[in-house]
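Below are the chains, spelled out letter by letter.
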Amino acid sequence: MGCDGGTIPTRDELVRLKKKPEQRDKDGHRLYKWQHCSISQEPLRKPVVACEMGRLYNKESVIELLLNKDRSNAPANTEHIEKLKDVIELQLTANPAYNAKKTSVGDGMYNDALIAPWICPVTGLEMNGRFKFVF
């Protein structure tokens, strides 16, 4: 156990600290919001619409939500969408660097999700939530 004359214990050996809770991946959470529908959690595909709150939706999911009379099982963040005029269809520009079929980089274990499917046509910045993006 030590302390028998030959060793000097350090603070790490004597004091037990509480483990910090695991942090959630901020980049992963941000990328998920910018690449998936807020209603159905499916990947975004054209036509993409946005609400006044800045959330992105598949237009098909919004139409299904509006046609369904019972909205009790709808996500809580869709209460402000009452008609199709509450959302705006986005005119997105495809990213030439994005390849949906090639999702892995290197040895196949690393998925590069930082390459967004859409870019700003003026500045060329990717729509991934890291930069301000006006639509």
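Residues numbered from 1 in each chain as written. Predicted model: local features only at pLDDT ≥ 70, side-chain atom pairs only at ≥ 80, totals over all residues. Heavy atoms only, no water.

1. What to know about the side chain of H36
Relative to the helices and strands, H36 is located in the loop between α2 (26-35) and β1 (48-51). The buried category is assigned to H36, whose relative accessible area is 19%. (Helix = DSSP H or I, 4+ residues; strand = E, 2+ residues; numbered from the N terminus. Buried < 20%, exposed > 50% of the residue type's maximum accessible area, 1.4 Å probe, protein only.)

2. Focus: the nonpolar core
V48, L56, Y57, V62, L92 and M127 are the most contacted members of the largest nonpolar core, which totals 21 residues. Sorting the residues of this core by element identifies β1, β2 (56-58) and α3 (59-67) as the ones contributing at least two each. The element contributing the most residues to this core is β1, with four residues. Setting aside its immediate chain neighbours within four residues, V48 contacts L56, Y57, I88, E89, L90, L92 and W118. (Core = buried A, V, L, I, M, F, W, Y, C linked by side-chain atoms within 4.5 Å. Contact = heavy atoms within 4.5 Å.)

3. Overview of the layout of surface pockets
Roughly 220 Å³ of volume is contained in the second largest pocket. Considering every element that reaches the lining of the second largest pocket, the biggest residue donor is α2, with three residues. (1 Å grid on protein atoms, 1.4 Å probe; cavity = no way out; pocket = protein on both sides within 12 Å on 5 of 7 lines; lining within 4 Å. Points joined across faces, edges and corners; volume = space filled by probe spheres on them.)

4. Quick word on α2
By the burial criterion, the buried members of α2 are R30, L31, W34 and Q35. Along the long axis of α2, the arc covered by the buried residues comes to 120°, so they all point the same way. Among the structural elements, β2 are those in contact with the buried residues of α2. (Arc of directions from axis to C-beta.)

5. Quick word on the pattern of salt bridges
Counted according to the given criterion, the structure contains four salt bridges. For the salt bridge of K59 with E89, the shortest nitrogen-to-oxygen distance reads 3.1 Å. Of the two residues, K59 sits in helix α3 while E89 sits in strand β3 (residues 87-89), which places them 30 residues apart along the sequence. Taking the relative accessible area as the measure of exposure, K59 reaches 23% and is therefore partly exposed. If you follow the salt bridges from partner to partner, you end up with E42, R45 and E60 in one network. (Salt bridge = Lys/Arg side-chain N within 4 Å of Asp/Glu carboxyl O.)

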